[in-house]
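# A closer look at the structure
The lines below spell out each chain.
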Protein chains: 2
Amino acid sequence: MNLHDYLKEKTASVELALDSILGEDLGRASILKEAMRYSVFAGGKRLRPVLVIAAAEAVGGREEDVITAACAIELIHTYSLIHDDLPAMDDDDFRRGRPTNHKVYGEAIAILAGDALLTKAFEVLAGCSVPGDDGRVMLRVIREIAAAAGARGMVGGQAVDILSEGKPVDAATLLAIHKNKTGALLRAAVRTGAILAGAGEEELAALTSFAEEFGLVFQITDDILNVVGDSAIMGKPVGTDVQRAKATYPALYGLAGARQRARAGRERALAALSPFDAKADPLRLLVNYLLEREK
Amino acid sequence: MNLHDYLKEKTASVELALDSILGEDLGRASILKEAMRYSVFAGGKRLRPVLVIAAAEAVGGREEDVITAACAIELIHTYSLIHDDLPAMDDDDFRRGRPTNHKVYGEAIAILAGDALLTKAFEVLAGCSVPGDDGRVMLRVIREIAAAAGARGMVGGQAVDILSEGKPVDAATLLAIHKNKTGALLRAAVRTGAILAGAGEEELAALTSFAEEFGLVFQITDDILNVVGDSAIMGKPVGTDVQRAKATYPALYGLAGARQRARAGRERALAALSPFDAKADPLRLLVNYLLEREK
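Predicted model, so just to flag it, every value in this text is computed and none were measured.

Below, the discussion takes up the overall build of chain A. Along its length, chain A carries 14 helices and two strands. Compactness check: chain A gives a C-alpha radius of gyration of 18 Å against a globular reference of 19 Å for 295 residues, within 12% of the reference. For the C-alpha atoms alone, the extent of chain A along its principal axes is close to 50 × 50 × 35 Å. Put simply, chain A has 295 residues, and 55% of those count as buried. The contacts in chain A between residues at least 6 apart in sequence include a share of 72% that link residues at least 24 apart.

With that out of the way, let us pick up the nonpolar core. Of all hydrophobic cores here, the largest spans 202 residues; its most connected members are Leu125 and Ile142 of chain A together with Leu125 and Ile142 of chain B. Look past the residues within four positions of Ile142 of chain A in its chain and what remains in contact with it is Phe122, Leu125 and Ala126 of chain A together with Phe122, Ala126 and Ile142 of chain B.

This next bit is on helix α4 (residues 63-85) of chain A. An ideal rise of 1.5 Å per residue puts 33 Å on 23 residues; α4 of chain A measures up with 32 Å between its terminal C-alpha atoms. The buried fraction of α4 of chain A amounts to 21 of the 23 residues, a majority that puts the element mostly inside the structure.

This prediction gives chain A a mean pLDDT of 94; 100% of its residues lie at or above 70. Taken over the whole predicted complex, pTM reads 0.96, whereas the ipTM for its chain interfaces reads 0.96.

Unlike most non-glycine residues, Asp91 of chain A shows phi in positive territory, near 55 degrees. Of the residues examined, Asp91 of chain A has 14 C-beta atoms within 10 Å and is grouped as partly exposed. In this structure, Arg96 of chain B takes a positive phi of about 50 degrees despite not being glycine. Structurally, Arg96 of chain B can be placed in the loop between β1 (94-95) and β2 (98-99).

The interface of chain B with chain A comprises 48 residues on the first partner and 48 residues on the second. The set of elements that each furnish at least two residues to the side of chain B that touches chain A consists of α2 (30-40), α6 (107-126), α7 (136-149), α8 (154-164) and α9 (171-196) of chain B. The greatest single-element share of the side of chain B that touches chain A, amounting to 13 residues, is contributed by α6 of chain B. Taken together, the residues that form the side of chain B that touches chain A break down as 29 nonpolar, eight polar and 11 charged.

Note on the identical chains: chain B maps onto chain A by a rotation of 180 degrees and an axial translation of 0.0 Å, with an RMSD of 0.0 Å. On the angle and the small slide along the axis, the relation comes out as a two-fold axis. Of the C-alpha atoms belonging to chain B, the one lying closest to the rotation axis is found on Gly135 of chain B, 2.1 Å away. Mapped onto chain A, 100% of the interface residues of chain B again fall at the interface, so both copies present the same surface.

With that settled, the discussion passes to the environment of Arg95 of chain B. Residue and element names in this part refer to chain B. Residue position: Arg95 is located in strand β1. Looking at Arg95, the number of C-beta atoms within 10 Å reads 22, which means it is buried. Through-space distance from the C-alpha of Arg95 to that of Tyr38 is 12 Å; in sequence the pair is 57 residues apart.

Residue and element names in this part refer to chain A. Note on placement: Ile21 falls in helix α1 (residues 3-21). The exposure class of Ile21 is partly exposed, given the 19 C-beta atoms found within 10 Å. A sequence separation of 99 residues divides Ile21 from Lys120, and the C-alpha atoms of the two residues are 8.7 Å apart. Not counting residues up to four positions away in its chain, the partners in contact with Ile21 are Cys71 and Val124.

Before going further, it helps to examine the packing of helix α13 (residues 249-272) of chain B against helix α14 (residues 281-292) of chain B. Residues and elements named next belong to chain B. Between α13 and α14, the shortest axis-to-axis distance is 10 Å and the interhelical angle comes to 180 degrees. Taken together, the axes of α13 and α14 lie roughly antiparallel to each other. Each of Ala262, Arg263, Arg266, Ala269 and Leu270 in α13 lies in contact with α14, whose residues at this interface are Arg284, Val287, Asn288 and Leu291. Residues of the contact of α13 with α14, tallied by class, amount to five nonpolar, one polar and three charged.

A few words now on helix α2 (residues 30-40) of chain A. Among all positions in α2 of chain A, only Leu32, Lys33, Ala35, Met36, Tyr38, Ser39 and Val40 of chain A are buried. Structurally, α2 of chain A contributes buried residues whose contacts are with α1, α4, α5 (101-105) and α6 (107-126) of chain A together with α8 of chain B.

Another point: the packing of helix α3 (residues 47-58) of chain A against α4 of chain A. Residues and elements named next belong to chain A. Two elements in contact, α3 and α4, have axes whose closest approach is 7 Å; the angle formed by their N-to-C orientations is 150 degrees. In terms of orientation, α3 lies roughly antiparallel with respect to α4. Where α3 crosses over α4, the handedness of that crossing is right-handed. Between α3 and α4, the contacting residues are Arg48, Pro49, Val52, Ile53 and Ala56 on the first element and Glu63, Asp65, Val66, Ile67, Ala69, Ala70, Cys71, Ile73, Glu74 and His77 on the second. Class assignment of the residues belonging to the contact of α3 with α4 gives a composition of 10 nonpolar, one polar and four charged.

The next subject is the environment of Ala121 of chain B. Mapped onto the elements, Ala121 of chain B comes out in helix α6. Those residues in contact with Ala121 of chain B, other than ones at most four positions away along the chain, are Ala72, Leu75 and Ile76 of chain B.

Thresholds applied
Residues numbered from 1 in each chain as written. Chains lettered and ligands numbered in written order. Predicted model: local features only at pLDDT ≥ 70, side-chain atom pairs only at ≥ 80, totals over all residues. Helix = DSSP H or I, 4+ residues; strand = E, 2+ residues; numbered from the N terminus. Rg over C-alpha atoms; globule rule 2.2 N^0.38 Å. Buried ≥ 20, exposed ≤ 12 C-beta atoms within 10 Å, placed from the backbone. Contact = placed C-beta atoms within 7 Å. Core = buried A, V, L, I, M, F, W, Y, C linked by C-beta atoms within 7 Å. Expected span 1.5 Å × (residues − 1). pLDDT = per-residue confidence, 0-100. Nonpolar A, V, L, I, M, F, W, Y, C, P; charged D, E, K, R; others polar. Least-squares fit on C-alpha atoms with pLDDT ≥ 70 in both. Axes fitted to C-alpha atoms, helices over the stretch in contact; angles between N-to-C directions. Parallel < 35°, antiparallel > 145°, perpendicular 65-115°, else oblique. Left-handed = near helix turned anticlockwise from the far one by under 90°.

Written out as structure tokens, the structure reads:
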């Protein structure tokens, strides 16, 4: 199992499916379609859709049965980036080496492109057909994803993050911000793949533990990259968290302490996967990759 | 049948259900909850949820089976108002006699409150239980609502509306803007009530025609109120469409022409209801009310 080849294969499937989902003609609103596609096809790592697929495969599921749901989660992730980048929010001019959505299309269209992507995600989910499902499984998945993306999840985390800027943040608040802001959707991605593939409750619980540790490691390594990363490789400025006095793991524990916490999270994530056979190897490689990534 | 009593009864049910839906504790993000509730409980007419209920009742359905879906549509309507009022969009300071969401909570929280309401709507829809439905009917309703709210519907209409500001607009573009911006969600409201109540295909087609005419009359009378309305009664400034050179029916056809078009739309709406018995009377009264309303 080579992670590079696995990612290449899976992201190719995801790109193709996203292209089809975002292919419909919008007539007079064609600029909105352009803005939606600009951010969706901006060179993202497709980490969330790959997690959906890898979690499904870990319990014996097939890529083709979860690819549409995987894309829906990527649409939600993309909308959140567009809105987070807005001047009223994080006010970022660059992402992945390109101007952010509102720098290209203006704030109004950027807000609407985000709204449209979020809405499209649920249209796509409700249109998924899952083998053997009379509709109840997909409704459960929609509830899970919406709960993870909403006020008790991603949106709530972003709100607390923004409200905390420039204020001293304790460890419990930092954990709560990240658990919601990035952790909840990563967790929902893994659970979506597992549920759609018919995971048993024990398998689902184990994969959920994996996902929670994965989310923690993702956030810690993201924070570390904002301190020591190469802005040319990352396609965005580094050091911005310190400038904004953002609550981060390096700010709270120092770089060495943050790295130690990332390694410990990785060990717990791998331990959660111990009941699974080689079909879970992509998940194992993905959490290892987080500690080595340069962007 | 007295419309005033009917509206009083139904809006009371809607207020209660909305209060329950938006009652959950958001912990550190409590300001987000406050912002969501501020706009949801801002004295709206609850026209869309009442349409859901009245359409269900027209085909023999019961309020209690559609009230949650009715509230979900009101959440989507409210999110769209919050985002439309933002400085980057219509830049409105007042709505329903109160400062707009971003004037009270700031732009960042207003954007997030809108995002959270939209997301909550789909969580709520996916959690609805419909008598006799294995899940497929609710998935159909979610697809309908998402399509109506998204890039080919409400969001697309708002995009074209904003892009058209200050430019000459022809009748076809005006119709397309309103059909998407306000018409699509009104249409989805009527169809949601009918579908959940088990309407046959002929009943659904007739109610859809009704809904499309209703949406047209709603928009024309809305445009007329922006010219001749009393800002004290409406709780927002009038004359703003002319100031912004917005595409409106009075601008295109004059006041008398716009009024004539509203009356013709009302007649077509009533004709579409001719196959229905007295159970459709609330729908009949609602379209009549549009022509007499002062806000």
